[in-house]
Amino acid sequence: SPSSPPSSSPSSPPAMSAAPLRLTRLAALCLSFAFGVIGLGVGINALVKFEDEKHSLEKMVPAGGSITIDTSDILSSGIVLTIVCGLVAVASLLFAFCALSPRLGHRFLLLQTAVFGFLTVWAFAVLVPFTDFFANRQAKISAFIGTIPIPESIIQSIQDQVGATPIYHDVEYRESRF
């Protein structure tokens, strides 16, 4: 009848865009890119300052003496976390360029899901021990004059004199200098 609304055929699916939620995905990719770049920058900054502080303390050791500062626990997990943040930034940038293209926008959705799922699990798996090391551990410091070990009490008093701390969450460079 001429007054009834046009009906769609039950066999034809509703029209859908080639790349679902394109703008939402672009916004999420931009935010994850920012997270990755910020995490990468913070990680590199912390690693550089961490190593600089260790080297400055090692330079204070008089001739004939040696010092070992073992920070391998937090250093290893910090490096891996920095790498994961860098990979998040790279993946976000690549997938954002794909999402901008009408031809490629929908072709990489499954790969994007897998990559970000893997990176999320990897970041969480590294953050758990990193957070534990940061909150509960400290660097292991040993010092020697020749082959004679220096007692822990003397090492502690030297740390107090130079203002150094082996406790990870008390390290000075974490604080803003503004």
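Before reading on, note that the structure itself is shown above.
Procedures and definitions
Residues numbered from 1 in each chain as written. Predicted model: local features only at pLDDT ≥ 70, side-chain atom pairs only at ≥ 80, totals over all residues. Heavy atoms only, no water. Helix = DSSP H or I, 4+ residues; strand = E, 2+ residues; numbered from the N terminus. Expected span 1.5 Å × (residues − 1). Contact = heavy atoms within 4.5 Å. Salt bridge = Lys/Arg side-chain N within 4 Å of Asp/Glu carboxyl O. Buried < 20%, exposed > 50% of the residue type's maximum accessible area, 1.4 Å probe, protein only. Phe/Tyr/Trp six-rings, centres within 6.5 Å; stacked < 30°, edge-to-face > 60°.

S.K.: Would you take a moment to explain helix 1 (residues 22–59) for this structure?
M.R.: Since the α-helix advances by 3.6 residues per turn, residues separated by three or four positions end up pointing in the same direction. The terminal C-alpha atoms of helix 1 lie 55 Å apart, and with 38 residues this matches the ideal 56 Å at 1.5 Å per residue to within 8%. Lining the buried residues of helix 1 we find strand 1 (65–70), helix 2 (72–100), helix 3 (109–136) and helix 4 (152–162).

S.K.: Explain the pattern of salt bridges to me, please; I cannot follow it from the model alone.
M.R.: Side chains that differ in charge, positive against negative, can pair when their charged atoms come close. For the structure shown, the criterion picks out two salt bridges. A salt bridge links E51 to K54; its shortest N-O distance comes to 4.0 Å. Here E51 and its partner K54 are both found in helix 1, three residues apart, which amounts to about one turn of the helix. Classification of E51 as partly exposed rests on a relative accessible area of 24%.

S.K.: What's the story with the packing of aromatic side chains in this structure? I'm lost.
M.R.: The relative placement of two aromatic rings is captured by the distance of their centres and the angle of their planes. Counting across every chain of the model gives two aromatic pairs. Measuring from centroid to centroid gives 5.8 Å for F95 and F116, while their planes differ by 55°, and the two rings are tilted. Taken together, the positions of F95 in helix 2 and F116 in helix 3 put the pair 21 residues apart, joining distant regions of the chain. Across the pair, exposure class does not vary: F95 and F116 are buried alike.

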